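# Observations on the model geometry
Below, each chain spelled out in residue letters.
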Number of protein chains: 2
Amino acid sequence: MLRQIIKRGSSSVVLSSRIARAVPSRAALFHSSSTQYSASKTVKLTAESYPNVKRDERYATLEQSDIDYFKSILPENALIQDQDDLLFYNEDWMRKYRGQSKLTLKPKTTEQVSQILKYANERNLAVVPQGGNTGLVGGSVPVFDEIVLSLANMNKIRSLDTTSGIFKADSGVVLEVADQHLAENGYIFPLDLGAKGSCHIGGTVATNAGGLRLLRYGSLHGSVLGLEVVLANGKIVSSIDALRKDNTGYDLKQLFIGSEGTLGVITGLSILCPPRPKNFNVAFLGVESYEAVMKTFVKAKSELGEILSAFEFMDESCQELAKKHLKTAYPLEEQHPFYILIETSGSNGEHDLEKLEAFLESAFENEVIQDGVIAQDETQLKGLWNWREQIPEACQINGGVYKYDVSLPLSDLYGLVDAARERLTQAGLLGDTEDFPVIDAVGYGHVGDGNLHLNVAVRRYEKSVEKALEPFVYEWVSSKKGSISAEHGLGFQKKNYIGYTKSQPEIEMMKQLKQLYDPNAILNPYKYI
Amino acid sequence: MLRQIIKRGSSSVVLSSRIARAVPSRAALFHSSSTQYSASKTVKLTAESYPNVKRDERYATLEQSDIDYFKSILPENALIQDQDDLLFYNEDWMRKYRGQSKLTLKPKTTEQVSQILKYANERNLAVVPQGGNTGLVGGSVPVFDEIVLSLANMNKIRSLDTTSGIFKADSGVVLEVADQHLAENGYIFPLDLGAKGSCHIGGTVATNAGGLRLLRYGSLHGSVLGLEVVLANGKIVSSIDALRKDNTGYDLKQLFIGSEGTLGVITGLSILCPPRPKNFNVAFLGVESYEAVMKTFVKAKSELGEILSAFEFMDESCQELAKKHLKTAYPLEEQHPFYILIETSGSNGEHDLEKLEAFLESAFENEVIQDGVIAQDETQLKGLWNWREQIPEACQINGGVYKYDVSLPLSDLYGLVDAARERLTQAGLLGDTEDFPVIDAVGYGHVGDGNLHLNVAVRRYEKSVEKALEPFVYEWVSSKKGSISAEHGLGFQKKNYIGYTKSQPEIEMMKQLKQLYDPNAILNPYKYI
């Protein structure tokens, strides 16, 4: 039973109807981006979808002598040349982009990566580093005939210091495998995301993934201690043995965190892992305005402090879509304009629950929140998470969805949803009947991180909708000094939009860095900046 | 009364003798470095102490026309030319280094900083950016006649978003002033150190200061959200409006964190501040070996988890020195080979204390720790901290001290103290009588951060002691893949030792960055790399 500890108009504990749901997949949460979902069987070549992007003639074309060289330094099964086998490496996870690579290389050692890049650099062969290929901005697949350099075979856990929590591994280790190893030793990987079963830890670092634990454990810029990187010219630069504190020179590793494979190839990493929390609690709340969402957030930070591990908000519209999709009883009896999901995690379950209950009671008494329930067991906990995690799927199930992943100052966070809804309505695109392409514009996201997911649920894809939304959304975000990519990166998709978030001097500095470390621009071309 | 909740050989609660001490200054803790304390009245010119370091003739000499230009862009009181007044800017906090600058500039705006640097860059005038001048490696003072660019007049708090905890300020705001402002709004600056009453927040970022809250809040690389920086050529590059999540391009600000003013001048910053904990607890423990220290650390991380905010260790030798210095009753009745200070901080005092007591009781029952007390009030809490914080002073009071601030893998942390003691003993330098220059080699530090302070307490400074210790200590640290500067930076003092921690390819990359952003090398010359 979900314990409904608080409900406006009732001072006693009320039990709501039984909620029993399947364990949610977190994939939906992760795989949100400003792209359209597509169910088409054949993915159009990127070169056809984007005819304005031309192959850069500076790059050499792969020759038999190149294959021979790679064969001489790699075991036979490390070269993939079969067209069908190559499809996996050419297509992105969303099936939106398709490259035309003729060769994927799967080295097993850092030394092999070094040899590959040294050769490619001398030959001017373009290379796309690829992790688990779960990216959402087309950053991990080739655009034309670039060689794919897959890290999948570099999958060894190197060490875990159980005293300090310092974990070292090859970059191709799957996130879930790493976290499982850590769990067995009482630690937790300080990052979690829906694609954990496929994505590589090196890929999460290369894209500076945000995910579900950022509110609690902070960004990878703080937790990654060292990186082993192969530069474009094949030089190996390693800080993988760095300790928690080291103030001897520029912190070079930071450049590679979030560089999406454009400055070097990460082959190994060292990361500081926190002790694994022993207990998790989840509460689901109804509030009457976005202002109340912010008030609840400030109160939660202050009163739940060190045990607060997630603070997610959802508007009424997306919960209605979720309700239709999930086809289960709603956790709260009445409807509210906004909903909040709070997760706590800590070392003492009794203490955590006591804090959470005291917080909710006080929030209720002070009329900050209108209603709320706390999950009483693991199934209910996952069930409540489901109402947050199934939103992306619920938004696209009636035809499609346009998705935007942005950072905004908290006070402006929901304003973008209102603005988008108004714009679509005024343009005559949003309505209740089949005549209108747009069903609704809905908002949800990680309030704790200032990260909004704006989803525009549509009955069908229409160019007019895209035109109404772009560059409108980017301009709106830019006017509030927000970021047009909170956690997904730039990749191929947002390469040309960086100017909405970054200034000209910053972009210039970035180009200088690219020129410095990859003068032949062989690494991940046509992307990023 | 200190509550002695646990004591081997006694199963009941025992009250120890009353401990009443003055509130400790945290300055002692902060101001530890691998340098000698000096009480001399006149500080020798750096140029005289280090005759091998020569003035670089590429730099122009200050002329009247330069002064005239600076007068034209700055208010009159922003130029300091009087020799006595200049002393403050020429001498470092430890009074070990003294430069010969003829001019200190104290701009009030970022625009003025930009004009100064643009002019200096065109004229080839060398410039030393200076914050609160509390550095410990001679990084903030001139070596020869460099112009001092003091940020002291850039001291405005720009904003605090009380919903998100994002704090923006000029870099010249004093750390304590910033923290006080945050405290009034329920937030805490995620960094604390002894020099907080003098040091600037911009300076802490420029040196990537570690300090007392690192175990809990992580490094500045994770908490700083954006920087406003003036490059050597006067260009202003700002990411100060960046939000918590922003994945649009290379994270440029990271380069300036810990760059000690060699790549640009930080004029403003934005930092994410956590909610201020409402309760603090401190326990002081005795254990029988360094292995037990590590065991207690792992147990504390697991059981105290999210409320653990400090874990400091001290060996018996340094506590004996502290005892002589403090002249007060010892918190524990018996002596132990090692001592531990644990601090917790959280949002619920009762919960925190319950966790701490349960942890201590279990550690005692499992014979991990031998004895322990918990502070019962604020005075006792500060009193217990005193036993940790007064060590640096206690070590140098009998003549002097050689200090090393290093990072080491936890398993090797104390090995360096043993090795140094053995080396000094074998060299006939360490003993109980006046015949021996060395009193003892002692160890203490932030176990949580893998940061050891090795102090060699001496009766008098003798070249033979320094020769026995250097480069021995650096070589030992290097052999364990540690860092020769955990938190103090390189500055002037450790410029030539970076090779003990960083590899040649890394040093090369750093030199490339310096060349890229400061091709005339006008920023903070003779230092860093």
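This structure is a prediction, so every number in the text was calculated from the model and none was measured.

### Quick look at the overall build of chain A
Across its full length, chain A holds 19 helices and 18 strands. Compactness check: chain A gives a C-alpha radius of gyration of 24 Å against a globular reference of 24 Å for 529 residues, within 12% of the reference. For chain A, the residues scored as buried account for 63% of the 529 residues in total. Carbon and sulfur atoms make up 48% of the accessible area of chain A, which totals about 18,600 Å².

### Looking at the relation of the copies chain B and chain A
With an RMSD of 0.0 Å, the fit of chain B onto chain A corresponds to turning through 180° and sliding 0.0 Å along the axis. The superposition of one copy onto the other is thereby described by a two-fold rotation axis. Relative to the rotation axis, the C-alpha of B:G222 is the closest in chain B, positioned 1.9 Å from it. In this assembly, 100% of the residues forming the interface of chain B have copies in chain A that are likewise at the interface, indicating an isologous arrangement.

### Topic: the UniProt feature "domain: FAD-binding PCMH-type" (unreviewed entry) in chain A
Taking the UniProt record as the reference, the feature "domain: FAD-binding PCMH-type" (unreviewed entry) is found at residues 97–276 of chain A. For the annotated span residues 97–276 of chain A, helix accounts for 23% and strand for 22% of the residues, and the straight-line distance between the end C-alpha atoms is 38 Å.

### Focus on the pattern of salt bridges
Opposite charge on two side chains permits them to pair, given that their charged atoms come into close proximity. Using the criterion set out here, one finds 60 salt bridges over all chains in the structure. The salt bridge involving A:R459 is made with A:E434; its shortest N-O contact spans 3.8 Å. With A:R459 in the loop between β18 (451–458) and α17 (463–469) and A:E434 in the loop between α16 (415–426) and β17 (438–446), this residue pair connects regions lying 25 residues apart in the sequence. The buried category is assigned to A:R459, whose relative accessible area is 17%. Between B:R95 and B:E91 there is a salt bridge; the shortest N-O distance is 3.2 Å. The exposure class of B:R95 is partly exposed, given its relative accessible area of 28%. Here the residues in one salt-bridge network are A:D179, A:D192, A:K196, A:R213 and A:R276, joined through shared partners.

### As for the packing of helix α16 (residues 415–426) of chain B against helix α18 (residues 472–479) of chain B
Residues and elements named next belong to chain B. The N-to-C vectors of α16 and α18 enclose an angle of 145°; their axes lie 11 Å apart at closest approach. Seen along the crossing, α16 lies across α18 with a hand that is right-handed. When α16 is examined against α18, the residues G415, L416, A419, A420 and R423 are found in contact with a partner set consisting of F472, V473, W476 and V477. Each residue belonging to the contact of α16 with α18 can be placed in one class, and the counts come to seven nonpolar, one polar and one charged.

### Section: the sheet that holds strand β4 (residues 104–105) of chain B
Residues and elements named next belong to chain B. Read from one edge of the open sheet, four strands run β3-β4-β6-β5, paired in mixed fashion. Unpaired on one side and paired on the other, β3 (79–80) and β5 (127–130) mark the two borders of the sheet. Direction of pairing for β5 relative to strand β6 (residues 147–150): parallel, over a ladder of four bridges. Counted as the bridge partner of V127 is I147 from β6.

### Comments concerning the sheet that holds strand β5 (residues 127–130) of chain A
Residues and elements named next belong to chain A. The sheet built from four strands is open, its strands ordered β3-β4-β6-β5 with mixed pairing. A single partner strand is all that each edge strand has here, and the edge strands are β3 (79–80) and β5. Pairing between β3 and strand β4 (residues 104–105): two bridges, direction antiparallel. Of the residues in β4, the one forming a bridge with L79 is L105.

### Here we look at the domain arrangement of chain A
All names here are of chain A. Partitioning chain A into structural domains gives domain 1 (3–30 + 279–392), domain 2 (46–150), domain 3 (157–272) and domain 4 (398–512). Summarising the inter-unit geometry, the C-alpha centres of domain 2 and domain 4 are found 31 Å apart. With ten residues of domain 2 at the contact, the number on the domain 4 side is six residues. Roughly 640 Å² is buried in total at the junction of domain 2 and domain 4, and carbon and sulfur atoms are behind 72% of that figure. Where domain 2 touches domain 4, the interface holds zero salt bridges. Here domain 2 and domain 4 share two residue pairs in polar contact (both at pLDDT 80 or more) between them. Residue composition of the side of domain 2 that touches domain 4, by class: six nonpolar, three polar and one charged.

### Points about the interface of chain B and chain A
The partner chain A presents 91 residues to the 91 residues of chain B that form the contact. Roughly 7,200 Å² is buried in total at the junction of chain B and chain A, and carbon and sulfur atoms are behind 56% of that figure. Its largest share of buried area at the contact with chain A, chain B owes to B:K245, B:N247 and B:Y250, together 15% of the area lost on that side. In this structure, the connection of chain B to chain A is made through ten salt bridges. In this structure, the salt-bridge partner of A:K502 is B:D246, at a minimum N-O distance of 3.2 Å. Considered class by class, the residues forming the side of chain B that touches chain A number 33 nonpolar, 37 polar and 21 charged.

### Structural notes on the packing of aromatic side chains
Evaluated as defined, the whole model comprises 52 aromatic pairs over all chains. Between B:F284 and B:Y330, the aromatic rings sit 6.3 Å apart at their centres with planes inclined by 90°, giving edge-to-face as the arrangement. Of this pair, B:F284 sits in strand β12 (residues 279–287) while B:Y330 is found in the loop between α12 (316–326) and β14 (338–346), placing the two residues 46 residues apart along the sequence. Given a relative accessible area of 0%, B:F284 falls into the buried group. Joined through ring pairs, the aromatic side chains of A:F284, A:Y330, A:Y339 and A:W387 make up one cluster.

What counts as what
- Residues numbered from 1 in each chain as written.
- Chains lettered and ligands numbered in written order.
- Predicted model: local features only at pLDDT ≥ 70, side-chain atom pairs only at ≥ 80, totals over all residues.
- Heavy atoms only, no water.
- Helix = DSSP H or I, 4+ residues; strand = E, 2+ residues; numbered from the N terminus.
- Rg over C-alpha atoms; globule rule 2.2 N^0.38 Å.
- Buried < 20%, exposed > 50% of the residue type's maximum accessible area, 1.4 Å probe, protein only.
- Areas by Shrake-Rupley, 256 points an atom, 1.4 Å probe, with all protein chains shown as cover.
- Least-squares fit on C-alpha atoms with pLDDT ≥ 70 in both.
- Contact = heavy atoms within 4.5 Å.
- UniProt positions renumbered as here; feature names shortened; annotations may be inferred.
- Salt bridge = Lys/Arg side-chain N within 4 Å of Asp/Glu carboxyl O.
- Axes fitted to C-alpha atoms, helices over the stretch in contact; angles between N-to-C directions.
- Left-handed = near helix turned anticlockwise from the far one by under 90°.
- Nonpolar A, V, L, I, M, F, W, Y, C, P; charged D, E, K, R; others polar.
- Pairing = 2+ DSSP bridges.
- Domains from an automatic or database assignment.
- Buried area = accessible area lost by both parts, 1.4 Å probe.
- Polar contact = N/O pair within 3.5 Å; in protein donor to acceptor, adjacent residues only side chain to side chain.
- Phe/Tyr/Trp six-rings, centres within 6.5 Å; stacked < 30°, edge-to-face > 60°.

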